[in-house]
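Residue strings, one per chain:
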Amino acid sequence: MSRDLVVILLLQISFSVSKFTDGNYDLTPDLFHLDDFDKCLYLTNSTDPAYCSLTVQLQPENPENASEAWDIIEEMSSDNRNYRHDLLRHGICTSGICSSYQGTISECLDHHYKTKYQNLGLVGRVEEMRCETRTSKHKVDATDLTISVFLGVYVAFVLSVTIWLEIVKNKSKRDTSNNRTLTRTQKCLSVFSIFDNMKIIVDVRHQDKDYMPFLQTIRFVLSVLVIFGHVKGFDKITPLLNPDSYEKEAKTWFHLFFSQGKIIVSIFFIISSWLMAIKFFRRLKAEGYVDFGYVLRSTIKRYIRFTSGQILIVALHGTLLVHLFRGPLWETIMGTEHQMCRENWWTNLLYVGNFAVSDGICLIHTWSLSVDFQLTVLGLLILWLTQKKPRYLFVACGLVITGHIIITFAYLFSNNYKFSVLFTPELTYYLRVLFVKEWQATWTTTCSNLAALGCGLCIGYFSTKYDKEKFITKKVDYLEGLLVTRWLFQVYATLWWVITTILVVGTPLASMCSMTTWYYSHSRWFTAAYGSTDKVFFIFGIAMLIFGFSQDIGGVFKKYMESAPMYTLGQLSFGAYIIHYTFLNIEAGLRRTLHYMSDYLIVAEIMKNVTLSYLSSLILTVFVLLPMERLSKMLIVKKTKTE
C-alpha cells in the first residue's frame, strides 16, 4: 500500500512539471482578451458601435511545416488539464477594426483574425460570435412589471402586518382587563410579523422538538462548504488574466478536492431522510398508526418550504436582474440565466430539474432540491408501507441501497463513464461541466443518491428507538456490577470515532488518489464499481456520525455544535444556499476586465459571499421562508392525540 502511494505521488509530481515555461506563453496568441466595453459602446463618436464576444479557432498556416507557435499550442492543448490554446476567447470592439471595412461585421472579424497572427504562422477562423449594441435586447415586459408590483405589494403587506401586530400587543398590555385571544385570521396574519420571526431565528427555545441541536451546525458547515466550492469555481468561469496559474493548479491535489462535491452534497439528503424518519416514528409511537393523510400533509409542507424561497429567486433571475447592468460578460452569464429561467421555470416548481440539466435548468444548484424532494416522497411512502413491522423497513432500505449500486454501476459501465468528473479548465469555463454526462450521472440523478435515503431512514428509526434509553447504555447495562460500564462506553466511543473518520475522510481521499491516474490505468469495470460504491461508504460514515451525536458521543466537539450561535446560523443556511448563486452570477457578470486569479482574492471572495449570503438569507427567512413555514404548520399539520 505504501509503495502504491509513493508511485501516485511521483506521478503527481511528474504531471505537475510542464515541458513549457511561462515564457512560452509569449510565443502564442493571448488566450483571453477583453476590449473596454463601456468605452466601445458609450464613450465613442461612432454612430453604430458593436461589442462582439468571439471564439476563434486557430490553425497552422502551413500544416506540413508548422511554426514553433503551433507546436507549443498543440502540446499544451494535448493535456486536458490545460485550456485549449487553439481556441481564443476574445471580446472585441468593432469601431476601430471594421470602421473602414466594406462588408458585414462577421466578415470583417473573420478577415481580421485570418491575417492577425500570420507572423506566428497561424490563421484564425471565427466560429462563434455574439454582438451587442448600445440598445439592450432585453426589454421590460408585462412579466417584469407584474413581478415588480407583486414584490412591492408583498413587502408593504408584511410591514403593515408587523406594525398592526405591535399596536395590538401594546394595547393588550395597557388594557389588562381585556384578555381576548387572536382570531384564526389574526393568528394566520401574525406569522408575517418581522419581530416574531426574528425571535424564532435567534431564540433556541423556539426550535422544533424533532430537531437535534447539533443538526443546525452541520447545516451551517455544509452550506459554507458549498459556497466555498462554488466561489472557487466561479473564480475561473470567466476569462483569466493569468490562465497559466489555473493550469498549474489543475495538476495539484488541492484541485481534486472540488471534484468530491457529489459526496458532500449527499449529506443534505441523509439529514432530510433522518429527520423525516424521526418525525414519522414519533407520530407512530403517539398514535399507533399513521394514516396516508400524514404522507400527503408532509409532502405539501415540504413543497411549500422549498418552493416559497426558490420561486422568488427564480422570478428575479427570469425578470428583473438582467436589466440591472450591462458588461462584456453580463449577457453570457446573466442573459443566459434569464433565458433558462423564462423557459424552464416549471422544472423548478415540479422538482424535476435534475432530469433537465442538459436542457438548461434555471439556477443549476437547485438540482439538489429536486433530488431532495423526490427522495422525500419516496421515503414517506416507504415509511408508511412498512410501519407495521420494522424488519420490512430494513428490507426496503437494503433494496434502496442495492438499487443505488446496481443502477449507478449499470449506467456508468454501459456508457463507459468515469466515476467522477475532473473539473478541468475547459469544463470550468462558463460552467460547461454542467453538460457533461458523467457529471449528471454521478451528481444529479435520483438513483445515484438513493443510498442517502436508505441510510437516513434506518438511523432515523434507531434514533427514535434509543431516544430515551441510549443504545450504548442499553448494551452495557447487562454488565452492571462488573465495574466496566464506563470503560466499555469509551471503547464504543473510540470505535465510533475511528470508523467514522476512516469512512468520512478516507473515501474522498481514496477518490482523489484514483483520479490522479484514472485516464491512464483504470479499467471500465473498476470505474463503474468504484463510482457506484464510493458514495455508499461515505454516506454510511455520515450516518454513523449523526447517530453517534444523537447518542451523546462527541464530547466537547458536540457541545460546541449545540451552541446558540450555531442554531441561528443553521436556521439561515437554507436561505443562504438558494441565494448565494445569485451573488456569484452577478459578480461574474459585472467583470469588465480579465480576472486575476490568486489565493488571497479567493479567500476574500469566500468571506464576502458567505457574509452577503447569510445577511440576505436573514431578510429572505424573515419575510418569506419562516412565514410560509409557520403558515403551513398552522393550516396543514394535524396534531397527535398527545398534543
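One can find the structure itself at the top, above this paragraph.
**Regarding the layout of surface pockets**
So, step 1. By volume, the second largest pocket amounts to about 760 Å³.
So, step 2. For the lining of the second largest pocket, the leading source of residues is helix α14 (residues 330-350), giving eight residues.
So, step 3. Class assignment of the residues belonging to the lining of the second largest pocket gives a composition of 19 nonpolar, twelve polar and seven charged.

**Things to note about the nonpolar core**
So, step 1. Judged by nonpolar contacts, the single largest core of 136 residues is most densely connected at I270, I271, W274, W439, L457 and I546.
So, step 2. Element by element, the count of residues in this core is highest for helix α12 (residues 261-287), at 16 residues.
So, step 3. Filtering out sequence-adjacent residues up to four positions away, I546 remains in contact with F214, I218, I270, I271, W274 and I459.
So, step 4. Judged by nonpolar contacts, the second largest core, of 16 residues, contains A69, I73, Y113 and V126.

**Here we look at the pairing of strand β2 (residues 51-60)**
So, step 1. Of all the ten residues making up β2, nine are buried; the element is thus mostly covered by neighbouring parts of the structure.
So, step 2. Pairing of β2 with strand β3 (residues 87-93) involves seven bridges; the strand directions are antiparallel. Along β3, the bridge assignment pairs L54 with H90.
So, step 3. Direction of pairing for β2 relative to strand β4 (residues 122-132): antiparallel, over a ladder of ten bridges. Each residue of the ladder has a partner; that of C52, found in β4, is C131.

**Quick look at the state of the cysteines**
So, step 1. The tally for this structure, following the rule as stated, stands at four disulfides.
So, step 2. For C52, the disulfide goes to C131, at an S-S distance of 2.0 Å. What sets the handedness of the C52 and C131 disulfide is the S-S torsion sign, and at about 105° it is right-handed. Of this pair, C52 sits in strand β2 while C131 sits in strand β4; the two residues are 79 residues apart in sequence, bridging distant segments of the chain.
So, step 3. Relative accessible area serves as the criterion here: at 35%, C131 is assigned to the partly exposed category.
So, step 4. There is a disulfide in this structure between C98 and C108, and the S-S distance comes to 2.0 Å. Judged by the sign of its S-S torsion, about -100°, the bond between C98 and C108 is left-handed. Of the two residues, C98 sits in helix α4 (residues 94-98) while C108 sits in helix α5 (residues 105-116), which places them ten residues apart along the sequence.
So, step 5. Numbered in order of appearance, the disulfide-bonded cysteines of the protein are paired 1-3, 2-6, 4-5, 7-8.

Rules used throughout
Residues numbered from 1 in each chain as written. Predicted model: local features only at pLDDT ≥ 70, side-chain atom pairs only at ≥ 80, totals over all residues. Heavy atoms only, no water. 1 Å grid on protein atoms, 1.4 Å probe; cavity = no way out; pocket = protein on both sides within 12 Å on 5 of 7 lines; lining within 4 Å. Points joined across faces, edges and corners; volume = space filled by probe spheres on them. Helix = DSSP H or I, 4+ residues; strand = E, 2+ residues; numbered from the N terminus. Nonpolar A, V, L, I, M, F, W, Y, C, P; charged D, E, K, R; others polar. Core = buried A, V, L, I, M, F, W, Y, C linked by side-chain atoms within 4.5 Å. Buried < 20%, exposed > 50% of the residue type's maximum accessible area, 1.4 Å probe, protein only. Contact = heavy atoms within 4.5 Å. Pairing = 2+ DSSP bridges. Disulfide = S-S within 2.5 Å.

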